[in-house]
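Here is what each chain is made of, one letter per residue.
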Amino acid sequence: MGLFSFLKNKFSKKGAPEQEKTSVEVYEKGMAKSRKAFASRLDDLSKRYGKVNAEYFEELEQILIESDVGVELSIRLIENLLDQARKEKLTEPKQINDLLVDAMFVDYATSGEAIQNEIAFRENGPTVLLVCGVNGVGKTTSIAKLAYRYQKQGKKVLLAAGDTFRAGAVEQLKVWADRLKCEIVVGKPEEDPASVAYQAAVKAKQSNYDLLIVDTAGRLQTKNNLMAELGKISRVLGKEIEDAPHEAFLIIDATTGQNGVLQAKAFKEVTSLTGIVITKMDGTSKGGIILSIRDELGLPVRFIGLGEKMEDLQEFDLDKYLYGLLLGSAE
Ligand SMILES: Nc1nc2c(ncn2[C@@H]2O[C@H](COP(=O)(O)OP(=O)(O)O)[C@@H](O)[C@H]2O)c(=O)[nH]1
Ligand SMILES: [Mg+2]
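What counts, and where the lines are drawn
Sequence order as written defines residue numbering, which begins from 1 separately in each chain. Lettering of chains starts at A and numbering of ligands starts at 1, both following the order in which they are written. Two thresholds apply to this predicted model, a pLDDT of at least 70 for residue-level local features and 80 or more for giving and counting side-chain atom pairs, whereas whole-chain, interface and lining totals are computed over all residues. By convention in this description, side-chain values take in all heavy atoms of the structure and omit both hydrogens and water. We call a residue near a molecule or strand whenever a single non-hydrogen atom of that residue lies within 4 Å of it. Throughout this description, a polar contact denotes any pair of N or O atoms lying within 3.5 Å of each other; where both atoms belong to protein, one of them has to be capable of donating a hydrogen while the other can accept it, and for residues adjacent in sequence the pair is counted only when both atoms sit in side chains. The Shrake-Rupley method, run with a 1.4 Å probe sphere, supplies the accessible areas, and residue values consider only the shown protein chains as cover. Think of it this way: any DSSP run of H or I at least four residues long counts as a helix, any run of E at least two long counts as a strand, and we number them from the N terminus. Classification convention: Asp, Glu, Lys, Arg as charged; Ala, Val, Leu, Ile, Met, Phe, Trp, Tyr, Cys, Pro as nonpolar; all other residues, Gly among them, as polar. Any two rings among Phe, Tyr and Trp, with Trp reduced to its six-membered ring, count as a pair given centres within 6.5 Å; such a pair is stacked if its planes are under 30 degrees apart, edge-to-face if over 60, and tilted if neither. As a rule, the C-alpha atoms of each element are fitted with a line to give its axis, helices using only the stretch in contact, and angles between N-to-C directions run from 0 to 180 degrees. In what follows, roughly perpendicular refers to angles from 65 to 115 degrees, roughly parallel to angles under 35, roughly antiparallel to angles over 145, and oblique to any angle outside these ranges. Definitions for this section: a left-handed crossing has its near helix turned counterclockwise from the far helix by less than a right angle. A right-handed crossing has that turn clockwise. By definition, residues are in contact when any of their heavy atoms lie within 4.5 Å.

Around ligand 1 there are 18 residues in total, and Gly 136, Lys 139, Arg 166, Asp 282 and Glu 308 lie nearest to it. A distance of 2.7 Å separates a nitrogen atom of ligand 1 from a polar atom in the side chain of Asp 282. Coverage of ligand 1 by the protein amounts to 81% of the 590 Å² it exposes when considered alone. A per-element tally of the shell around ligand 1 places helix 7 (residues 139-152) first, with four residues. Residues that form the shell around ligand 1 fall into these classes: three nonpolar, nine polar and six charged.

Next comes the structure, spelled out in structure tokens:
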């Protein structure tokens, strides 16, 4: 049984536990655009070719590249597929497409650091999550969604409005904090973000918070500035709370395509990231970006934004992702 048939069985509505069902539905809905671009093109391809040939593989490679799987990874996947097809004398388009899905799965599963989603909470004292990424990618809204998630799990959450650079950014986080009834530490306009982080760390420790989430400014004009600022925030946090920040998530907007991969490389150089959050997956037809980022950076994708609602930030699940990408493609 191919992976896709397996996933179909796993996630078919009948018999799926309630909790799973809703999460799968969020993936199904949020990945509709990507699915349209990927699964229906695979389907169309297999209908046009009776037997696979060199052109088939070329077209397949094109679909991967256009889905933002990344040129290097796309070429590698297709080369391996060609080898395997030759060795095993496979000629059916459907067999090839099944193998491709398997290979996508294996590449994600085996590239780099262990797969992990939830924040690993410390036994004693607050766990600190630093959130970075360029302007507009969805940092602040993802912070709100994460706060919502962990509050629901019974955690005491504190926010730090560390994006003191952009007018309105602090206000935006404050609005979210009010809605979520979540405590927030706010500095003065244009106050040094490290000073806000410091105040928040002190409060988190004194008042026994489980989780402190620190928002940061997203400007990336010069790498030196960014490095200095993120470095300073991290140092200040680490002085107040042992080993903080314990987690550092980079937020990437899926609609920015390969540019997101470049951002990830730039940030990875200046700060030690523990994971990626991909946002706006619902707004793109190029869902392959996840595979590309994983392949190039080795970092685990921790959460995925599949829409604007609080519940639309889901923990990243490779099976659900591939299912969302392929649902409705030819059996
Ligand atoms: N459709 C959709 N929109 C999102 C998602 N995540 C964030 N956004 C939107 O992206 C915009 C920018 O988000 P914001 O959090 O202000 O970005 P920041 O500048 O990085 O803090 C807002 O309008 C959000 O509602 C997502 O997963 N799906
Ligand atoms: Mg923001």
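This model, assessed by the stated rule, comprises seven aromatic pairs. Considering the side-chain rings of Phe 121 and Tyr 150, the 5.4 Å spacing of their centres and the 75° angle between planes classify their relative orientation as edge-to-face. Here Tyr 150 lies in helix 7 and Phe 121 lies in the loop between helix 6 (93-110) and strand 1 (127-132), a separation of 29 residues in the sequence. Seen in terms of ring centroids, Phe 316 and Tyr 321 are 5.5 Å apart; in terms of plane orientation they differ by 55°. Their pairing is tilted.

This part covers the packing of helix 3 (residues 32-48) against helix 6. The axes of two packed helices give the description: the angle between them and the distance between them. Where helix 3 contacts helix 6, the axes come no closer than 9 Å and their chain directions differ by 150°. It follows that helix 3 is roughly antiparallel to helix 6 by the angle criterion. Considering only the axes of helix 3 and helix 6, their crossing is right-handed. Touching Phe 38, Leu 42 and Ser 46 of helix 3 are Pro 93, Asn 97, Leu 100 and Met 104, all from helix 6.

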